[in-house]
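Examination of the molecular architecture
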Amino acid sequence: MRTERGRQLLSRVLAGVPANENPLTHVEDLPERLPQYAEWPDWAPAQVVGAFRARGLEKPWTHQVEAAEHIWNSRHVVLSTGTASGKSLSYQLPVLSSFATDRRCTALYLAPTKALGADQLRAVRDLDLPDVRASSFDGDTPMEERDWVRAHARWVFTNPDMIHRGILPSHARWAQFFRRLKYIVVDEAHAYRGVFGSHVALLLRRLRRVARHYGSDPTFIAASATVSDPSVSATRLCGVECVAVTEDGSPRGARTVALWEPPLMDELKGENGAPVRRSAGAETARILTDLVVEGARTLAFVRSRRGAELTALSARHALSQVDTTLAGRVAAYRAGFLPEERRALEKSLASGELLGVASTNALELGVDIAGLDAVVVAGYPGTLASFWQQAGRAGRAGDGSLVVFVARDDPLDTYLVHNPSAMLHRPIEATVLDPLNPYVLAPHLACAAAELPLKDKDLPPFGGDTAREVLQDLVNDGVLRKRPAGWYWTSRDRPHAGVDIRGSGGEQIMVVEADTGRMLGTVDPGSACATVHPGAVYLHQGTSYVVDELDLDAGLALVHAEDPEWTTQPRDVVDISVLKTLTKQDFDGVTVCLGDVAVTSQVVAYLRRLPSGEVIDQVPLDLPERTLETRAVWYTIAEDLLREAGIERAQTGGALHAAEHAAIGLLPLLATCDRWDIGGVSTAMHPDTGEATVFVHDGHPGGAGFADRGFQSIADWLTATRLAIDSCECQAGCPSCVQSPKCGNGNEPLDKAGAIRVLDIVLKAIT
Ligand SMILES: Nc1ncnc2c1ncn2[C@@H]1O[C@H](COP(=O)(O)OP(=O)(O)OP(=O)(O)O)[C@@H](O)[C@H]1O
């Protein structure tokens, strides 16, 4: 195995670690994989093959041909292979071959971001084939060009937002394009998850319905990072049965993967006196510095934009002490870079002119950077798919490379560094989305009816009976009218503008700088009280603002630029009630349930906190209550089981609370959610269940499928939760195990040992 280079870089990094620290929890060598080539398919015209060859793509890899064959034969397909495995060629080949052999057909390409769409468009144009007429159609397309695109473009590169707002509402103007539509490419399909994924799933169903109205039946091509069960996810997303191609024939250099847990620091204490680890960012800056000194081309992924900038800055500072020329070879990268800037960065990393780049996840999508010497991932990026996408940037053919995963102060990160097989040998989590969520379904059915009257035969892809019920509600509310032939939209205004496919429903709160009137961004109405309450410190693109006023009725938060030395953290009181238990599993003294709940919360105060964690004061707030109706998974425990396990009445609240926090932290292991997409409530005696209960609920109206996923995999989920708590070496609970960064109760009470007992009771009963 060619792992010498990776191992050598690792020992260099370890040489700088103080003798009393042992951050390495695991090292593993992943073997090299050799390329597997196939022949160009017979149906591919010589001109198209020639264009690829001219760009240095001599022969396709096996999976590229396998996918291309399906597409050519009009079978919907999902290609789920690793980073830089050449997914683009797999669809470009059949699409461009069709263009060459059928002078009329058209294709759509959808990317989750404009930047990625622009990259792919450039790649197609660079092939320099005649009659392709590839063109973008997004928010930046000038009005005068739009008519040309509608009338002449054959391959339109766009995004879900534009399909929703710009194409479907005026589909008649696209009639010719739709009539000839042969392919719909859904790139980076794994990005469509949670509520956004549910929106896009319904959008794709609307798109297909309109295409069929004009007589075409396009083939869907989903390109995704490796995910578990790609066929199921893609079928759910696209609304058509997709064949999966997963055998990756692209080559990959050997990689040494090191899992790294920063040490607990003696000198610093966090909330309630809990110990704190050295920050993943600081540790990453140090590792990046060592690697750059070694001349290794390294990419460090840091979760926040500010973190990426600080990491680059502190690596540059450290390097300037060693060799001033090296300091200039480290840069930061963030979202919002122009395409030219990204190209320049790709080039200088490839040439070695730049040696170190600290980046946010923005570099994850659509950048042609591969074959680096090292990648450092600071903090779990939320999904295994993202982790491998980032790690996949390392690995030079014929030479080894190094990947270091640095854990943050977080229970999921703790679990992963102590359970390497969960990180390195586990199938990637399923992409969770729920197109049947009535809160998402209703506005899409209204849009669909406005596009073309909805008929009974249209309903199966929209959920059949569920759709029929939602339509009845829309009729009752006067939004639609039911006539014998179907459901009609009756107003002159289109419903599309009111549907925010990236938000979780409801009018967004605008964050506006009072002095200048500049709109900085928007906040979900559901989280506004917690994030933009008066006095809150609001970060926007690395600049700090303080909120002066929150007017929920007007949908406005007024802020001014100010960078105080403290951060703010909301305090809330939360109550949950069970509206409907959908499924209940009874075990001896333990029940596990899935159902609909109402979560009532009120932000009542906020804390001002110094970077050291010290609290300056608590400021009361007068904000309204808010109720969220959503989906939850919960378990209950009979009192005698708690007592038998030695959990006394006074301890129960803290034990359940700690078990709840850790479980929220671990759910992203099984569902593609972020811990901020879900919430929890625990109580020693819940009025609706009559017992000690821990609830974990979705954070969006109607749910996004996360609680459902927790319910389906409850045993795996709670086993991992228990392991995470148990493997953290702190005494009484810290952010790496049972403390939560978003706890509205200031992480009190928490009982770490009690949480393990609680989980033992539940696991014993259900497994
Ligand atoms: N058959 C091939 N032989 C050699 N190089 C190839 C082949 N196919 C693709 N490549 C090269 O591999 C690189 C990655 O290709 P591409 O960007 O399509 O990968 P991807 O799977 O879409 O990546 P991502 O995971 O970022 O979405 C490109 O530089 C491309 O030119």
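Remember, it's a predicted structure, so these values are computed and weren't measured experimentally.

This part takes up the UniProt feature "domain: Helicase ATP-binding" (unreviewed entry) in the protein. The feature "domain: Helicase ATP-binding" (unreviewed entry), as annotated in UniProt, sits at residues 68-245 in this numbering. Across residues 68-245, the secondary structure splits into 48% helix and 17% strand, with the terminal C-alpha atoms separated by 10 Å.

Quick look at the side chain of Ser233 now. Here Ser233 shows up in helix H10 (residues 230-238). Setting aside residues no more than four positions away along its own chain, Ser233 makes contact with Ser228 and Thr431.

With that settled, consider the sheet that holds strand S16 (residues 401-406). Taken in spatial order, the seven strands make up an open sheet running S1-S9-S16-S15-S12-S14-S13, and their pairing is mixed. Pairing within the sheet leaves two strands with one partner each, and these edge strands are strand S1 (24-30) and strand S13 (330-333). On average, adjacent strands in this sheet sit at an angle of 15 degrees to one another, irrespective of strand direction. Relative to S16, strand S9 (residues 255-260) is paired through six bridges, and the arrangement is parallel. Residue pairing for S16: Val257 is matched across the bridge by Val403.

What follows deals with the sheet that holds strand S19 (residues 509-513). On the basis of which strands lie adjacent, the open sheet formed by five strands has the order S20-S19-S23-S22-S21 and mixed pairing. In this open sheet, the two strands that pair with only one neighbour each are strand S20 (519-523) and strand S21 (537-540). Strand-to-strand, the axes of this sheet are offset by a mean angle of 35 degrees, without reference to chain direction. With four bridges joining them, S21 and strand S22 (residues 543-551) adopt antiparallel strand pairing. Considered in S22, the bridge of Val537 is made with Val546.

Take the confidence of the model for the protein next. Confidence along the protein averages 89 in pLDDT terms, with 96% of residues attaining 70 or more. Taken together, the chains of this predicted complex give a pTM of 0.80 and an interface ipTM of 0.95.

The next subject is the environment of Arg468. Tracing the chain through its elements places Arg468 in helix H19 (residues 465-476). Assessed through its relative accessible area of 33%, Arg468 is described here as partly exposed. Sequence-distant contacts of Arg468, defined by excluding residues within four places in its chain, comprise Asp456, Leu459 and Trp487. Of note is the side chain of Arg468, whose polar atom sits 2.7 Å from the side chain of Asp465.

The topology assignment puts Ser351 in helix H14 (residues 339-351). Separated by 54 residues in sequence, Ser351 and Arg297 have C-alpha atoms that sit 9.3 Å apart. A polar contact is formed between the side chain of Ser351 and the backbone oxygen of Ser348, at a distance of 3.2 Å.

Another point: the pairing of strand S12 (residues 298-302). The buried count for S12 comes to five of five residues, which makes it a mostly enclosed element. Alternating residues of S12 divide into Thr298, Ala300 and Val302 and Leu299 and Phe301, and every residue in both groups is buried. Both S12 and strand S15 (residues 374-378) contribute to a ladder of five bridges, which runs parallel. Across the sheet, Ala300 pairs through a bridge with Val376, a residue of S15.

In this model, Glu748 is joined to Pro749 through a cis peptide bond whose omega is -15 degrees. Phi is positive for Arg133, close to 45 degrees, though the residue is something other than glycine. Within the fold, Arg133 resides in the loop between helix H5 (114-126) and strand S4 (134-136). Arg133 gets classed as partly exposed once you look at its relative accessible area, which sits at 36%. Unusually for a residue other than glycine, Glu188 sits at a positive phi of about 50 degrees. Structurally, Glu188 is set in the loop between strand S6 (181-186) and helix H9 (194-213). When its relative accessible area of 9% is taken as the criterion, Glu188 is described as buried.

Scanning the entire structure with this criterion turns up 16 aromatic pairs. Centre to centre, the rings of Trp40 and Phe52 are 5.9 Å apart; their planes meet at 15 degrees, and the pair counts as stacked. Taken together, the positions of Trp40 in the loop between S1 and helix H2 (46-54) and Phe52 in helix H2 put the pair 12 residues apart, joining distant regions of the chain. Note on accessibility: Trp40 and Phe52 belong to one class, buried. With centroids separated by 4.3 Å and ring planes inclined at 5 degrees, the aromatic side chains of Trp43 and Trp72 adopt a geometry described as stacked. With Trp43 in the loop between S1 and H2 and Trp72 in helix H3 (residues 62-72), this pair connects stretches of sequence that are 29 residues apart.

Turning our eyes to something else, we now look at the packing of helix H16 (residues 411-418) against helix H24 (residues 714-727). Relative orientation of the contacting elements H16 and H24 amounts to 85 degrees, with a least axis distance of 8 Å. Taken together, the axes of H16 and H24 lie roughly perpendicular to each other. Of the residues in H24, those touching H16 at Pro411, Thr414, Tyr415 and His418 are Ala720, Leu723, Ala724 and Ser727. When its residues are assigned to classes, the contact of H16 with H24 shows five nonpolar, three polar and no charged.

Another aspect to go through is the side chain of Ser736. Here Ser736 shows up in the loop between H24 and helix H25 (752-766). Of the polar contacts made by the side chain of Ser736, one reaches the side chain of Asp409; its length is 2.7 Å. The residues contacting Ser736, other than those within four sequence positions of it, are Arg277, Asp409, Asp410, Pro411, Thr414 and Cys728.

Bringing the pattern of salt bridges into the picture now. Within this structure, the stated rule accounts for 29 salt bridges. Across the salt bridge formed by Arg122 and Asp126, the nearest N and O atoms sit 4.0 Å from each other. Taken together, the positions of Arg122 and Asp126, both in helix H5 and four residues apart, correspond to about one turn of that helix. We classify Arg122 as partly exposed; its relative accessible area is 35%. According to the relative accessible area criterion, Asp126 is partly exposed, its value standing at 40%. Where Arg468 meets Asp456, a salt bridge forms, and the shortest distance between an N and an O atom there is 2.9 Å. Placement of Arg468 in helix H19 and of Asp456 in the loop between helix H18 (438-451) and H19 is noted, with a sequence separation of 12 residues between them. Its relative accessible area of 45% is what places Asp456 among the partly exposed residues.

Further remarks concern the pairing of strand S29 (residues 692-698). Of all seven residues in S29, seven are buried, a share of seventy percent or more. The sheet contact formed by strand S27 (residues 626-637) and S29 spans six bridges and is antiparallel. Bridge pairing in S29 links Thr636 to Thr693.

The biggest cluster of nonpolar side chains holds 99 residues, and the ones touching the most others in it are Phe405, Leu416, Leu445, Tyr635, Trp717, Leu718 and Val758. Leave out the neighbours within four places in its chain, and Val758 touches Tyr635, Ile637, Leu642, Ile647, Ala655, Leu656 and Ala659. Listed in part, the 41 residues of the second largest apolar core include Ala153, Ile163, Phe178 and Leu181.

Cut-off values and rules
- Residues numbered from 1 in each chain as written.
- Predicted model: local features only at pLDDT ≥ 70, side-chain atom pairs only at ≥ 80, totals over all residues.
- Heavy atoms only, no water.
- UniProt positions renumbered as here; feature names shortened; annotations may be inferred.
- Helix = DSSP H or I, 4+ residues; strand = E, 2+ residues; numbered from the N terminus.
- Contact = heavy atoms within 4.5 Å.
- Pairing = 2+ DSSP bridges.
- Axes fitted to C-alpha atoms, helices over the stretch in contact; angles between N-to-C directions.
- pLDDT = per-residue confidence, 0-100.
- Buried < 20%, exposed > 50% of the residue type's maximum accessible area, 1.4 Å probe, protein only.
- Polar contact = N/O pair within 3.5 Å; in protein donor to acceptor, adjacent residues only side chain to side chain.
- Phe/Tyr/Trp six-rings, centres within 6.5 Å; stacked < 30°, edge-to-face > 60°.
- Parallel < 35°, antiparallel > 145°, perpendicular 65-115°, else oblique.
- Nonpolar A, V, L, I, M, F, W, Y, C, P; charged D, E, K, R; others polar.
- Salt bridge = Lys/Arg side-chain N within 4 Å of Asp/Glu carboxyl O.
- Core = buried A, V, L, I, M, F, W, Y, C linked by side-chain atoms within 4.5 Å.

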